[in-house]
Amino acid sequence: MKYLIITVALFCYGSIMAQQDSTLVYKKRVLETTEVDFLSSYYSQDGNNASVTGGIGTEKLSDLTATIVVSLPLNDDDVLTVDAGISAYTSASSSNGNPFDISGASGNGDDDDDDRRAAPGDVIGSPWVASSGASRSDVWSSINADYSHSSDDRNTIWNADVSFATEYDYSSIGFGGGLTKLFNEKNTTVGMSAKVYLDTWRPIYPTELKAYADENGNLNQGFFNGITILDQNGNASTNWQPLNGFDVINNKGRNSYSISLSFSQILSKNAQFSVFLDVVRQQGWLANPLQRVYFGDVDNYYIGNASSIPNYTSSSNKDVFQLADDIERLPDNRLKIPIGFRLNYYINEVVSLRTYYRYYFDDWGVQSNTASLEIPIKVSDKFTLYPSFRYYDQTQADYFAPYEQNLSTSEFYTSDFDLSQFSANQYGFGISYTDIFSKAHIWKLGLKSIDFRYNNYQRDTGLSANYVGLGFKFIMD
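Notes on the structure in this doc start here. (Residues numbered from 1 in each chain as written. Predicted model: local features only at pLDDT ≥ 70, side-chain atom pairs only at ≥ 80, totals over all residues. Heavy atoms only, no water.)

**A look at the overall build of the protein**
For the protein, the helix and strand inventory stands at 3 helices and 24 strands. Per-residue burial over the protein gives 42% buried out of 477 residues. Expressed as a percentage of contacts within the protein between residues at least 6 apart in sequence, the contacts between residues at least 24 apart total 67%. For the protein, the computed accessible surface area is about 24200 Å², with 56% contributed by carbon and sulfur atoms. (Helix = DSSP H or I, 4+ residues; strand = E, 2+ residues; numbered from the N terminus. Buried < 20%, exposed > 50% of the residue type's maximum accessible area, 1.4 Å probe, protein only. Contact = heavy atoms within 4.5 Å. Areas by Shrake-Rupley, 256 points an atom, 1.4 Å probe, with all protein chains shown as cover.)

**Observations concerning the pairing of strand β12 (residues 301-304)**
By the bridge criterion, 2 bridges tie strand β8 (residues 230-231) to β12 in an arrangement that is antiparallel. Across the sheet, the residue bridging to Asp231 is Tyr301, located in β12. In this structure, β12 lies alongside strand β13 (residues 320-322), joined through 3 bridges in antiparallel fashion. Residue pairing across strands places Ile303 opposite Phe321, the latter belonging to β13. (Pairing = 2+ DSSP bridges.)

**A word on the sheet that holds β12**
If you walk across this open sheet you meet the 3 strands as β8-β12-β13, and the pairing is antiparallel. Of all the strands in the sheet, the pair left with one neighbour each is β8 and β13.

**Topic: the layout of surface pockets**
If you add up the space inside the largest pocket, you get close to 1700 Å³. In terms of lining, the largest pocket is formed by 50 residues, of which the most central are Ser51, Asn288, Gln291, Asp416 and Asp418. Split into classes, the residues belonging to the lining of the largest pocket amount to 22 nonpolar, 13 polar and 15 charged. (1 Å grid on protein atoms, 1.4 Å probe; cavity = no way out; pocket = protein on both sides within 12 Å on 5 of 7 lines; lining within 4 Å. Points joined across faces, edges and corners; volume = space filled by probe spheres on them. Nonpolar A, V, L, I, M, F, W, Y, C, P; charged D, E, K, R; others polar.)

**Some details on the pairing of strand β17 (residues 367-374)**
Note that strand β16 (residues 352-362) and β17 share 8 bridges and pair antiparallel. Residue pairing in the sheet places Tyr359 in a bridge with Asn369 of β17. Here β16 hands over to β17 after 4 residues, with Gly365 in that stretch at a positive phi of 95°. With 7 bridges joining them, β17 and strand β20 (residues 388-394) adopt antiparallel strand pairing. Bridge pairing in β20 links Ser368 to Gln394.

**Side note on helix α3 (residues 207-214)**
For α3, the tally of buried residues reaches 7 of 8 residues, placing the bulk of the element in the interior. Where α3 is concerned, the buried positions are Thr207, Glu208, Leu209, Lys210, Ala211, Tyr212 and Ala213. Positioned one or two residues after α3, Asn216 has a phi angle of 55°, which is positive.

**Notes on the packing of aromatic side chains**
The final tally for this structure, using the stated rule, is 22 aromatic pairs. Between Phe38 and Phe474 the ring centres are 5.8 Å apart and the planes differ by 75°, which places this aromatic pair in the edge-to-face class. Here Phe38, found in strand β1 (residues 35-46), pairs with Phe474, found in strand β24 (residues 464-476); they are 436 residues apart in sequence, far enough to count as distant. Residue Phe38 is classed as partly exposed on the basis of its relative accessible area, which comes to 33%. Ring centres of Tyr392 and Phe422 lie 5.7 Å apart, and the angle between their planes is 40°; this geometry places the pair in the tilted category. Highlighted residues: Tyr392 in strand β20 and Phe422 in strand β21 (residues 422-434), separated in sequence by 30 residues. With respect to burial, Tyr392 and Phe422 carry one shared label: buried. Among the aromatic residues, those joined into a ring-pair cluster are Phe100, Tyr212, Phe223, Phe224, Trp240 and Phe321. The positively charged end of Arg254 is found above the aromatic ring belonging to Tyr170, 5.6 Å away from the centroid. Here the basic side chain of Arg453 rests over the ring of Tyr386, its NZ or CZ set 4.4 Å away from the ring centre. (Phe/Tyr/Trp six-rings, centres within 6.5 Å; stacked < 30°, edge-to-face > 60°. Lys NZ or Arg CZ within 6 Å of the ring centre and 35° of its normal.)

**Some words on the pattern of salt bridges**
A complete count under the given rule lists 16 salt bridges for this structure. The partner of Lys473 in a salt bridge is Asp37, and the shortest N-O contact between them spans 3.0 Å. Here Asp37 lies in strand β1 and Lys473 lies in strand β24, a separation of 436 residues in the sequence. Taking the relative accessible area as the measure of exposure, Asp37 reaches 12% and is therefore buried. Between Glu208 and Arg292 there is a salt bridge, with its nearest N and O atoms 2.8 Å apart. Taken together, the residues Glu208 in helix α3 and Arg292 in strand β11 (residues 292-293) connect sequence positions 84 residues apart. In this structure, Glu208 and Arg292 share a single accessibility class: buried. A network of salt bridges, in which partner residues are shared, links Glu35, Asp37, Lys448 and Lys473. (Salt bridge = Lys/Arg side-chain N within 4 Å of Asp/Glu carboxyl O.)

Right, here's the structure in full:
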């Protein structure tokens with residue numbers, strides 16, 4: 001009997017240990033294997049309201065972006081995701097930070113004193129023509145790392161992340177974290193996250209303003225030496241000066257703090273609803289030092305061809321440029337609050353609906369509405385089509401006025417049409433290929449999916465844009 005009891009006890013103990021070992025060995029991993037995403041996109045736009053030239057002029061811009069995202073399972077519960085991207089753009093509007101076809105005083109670098117313009121009488125520029133200035137192109141690069149941990153029951157997920165980004169005129173460091181809880185047999189999800197971004201400007205200024213500050217207002221020195229400044233009637237004048245004599249900005253910091261709350265509920269086997277709220281506080285230099293402002297209550301002055309002054313606001317003007325009155329000035333605080341919801345509905349095995357609405361408001365006077373609809377259509381086991389439509393409208397900021405409609409007596413002012421009143425429509429189309437078995441291989445990478453997207457964007461202000469995106473997802477064998 002003694003040996004029987006011992007044998008049963010050992011058997012029970014062994015069974016318990018086997019069950020524990022089984023739980024450890026066969027617990028479903030959060031991410032089964034390493035995933036690698038290669039993403040690329042091309043964006044182009046055109047319009048006639050460039051903020052760099054005070055609300056008029058060409059807005060031509062093209063941007064090519066490449067990104068790689070690697071998601072690495074560290075163990076059953078932890079995943080490290082690293083994504084790195086690079087974006088190269090060419091912008092006709094930002095090139096006109098220095099519209100006079102030189103690489104001179106629009107920046108803070110060595111080119112400030114490199115006076116390579118033509119003879120003084122040939123110095124011309126136009127809001128409608130791209131220049132060869134240093135700000136005409138740039139490369140933006142970023143790297144982000146996110147660490148996430150899931151509890152054994154997969155009902156609690158927390159994450160922490162850090163990021164760094166830089167381009168010609170600014171750099172940014174970001175960090176944050178979040179917590180997600182699942183309830184009600186994972187039918188209910190509640191999430192909270194927080195982010196901090198610490199940005200630093202390396203300001204680029206309009207050429208004429210930077211040159212004026214460098215020479216303490218002396219129009220016979222430096223950049224202005226030998227150049228004729230014209231008044232509104234085309235006569236030579238020495239009366240031009242920017243508002244308050246202009247001085248470079250001292251506060252080069254721009255910090256952003258955000259808190260995000262989300263709630264998601266599975267309503268039925270066919271429907272899921274989610275709602276989200278963000279609170280964003282920005283502090284520091286929130287204006288763009290490269291963007292000019294022209295006042296309606298001060299005289300106008302130009303460099304270039306006097307006969308083109310009456311035609312200045314027309315795209316036929318190719319050879320005269322108006323000297324800035326100031327750069328845009330905006331408050332050093334901004335509170336932004338978007339709130340929105342999503343409703344996804346599964347109609348049948350072929351068609352689903354994805355709806356989205358967001359209302360936004362801030363303390364600068366901007367209010368906006370965003371509504372979108374996407375209809376995934378599964379045409380086969382591996383191919384899905386994604387037609388989509390997005391509508392957007394907004395009110396103008398308290399500090400916005402178009403070209404020459406701001407007043408010099410105002411404390412804050414901008415002619416950036418991103419802060420104007422407008423509405424926009426975006427039509428999109430996408431196609432996705434998915435192979436859950438990853439049969440196609442490139443080296444040790446199994447191809448899991450391919451996604452292609454195209455969007456056409458139209459504002460009622462005249463801005464139009466096209467976007468093409470292509471992504472490949474691989475799993476590591």
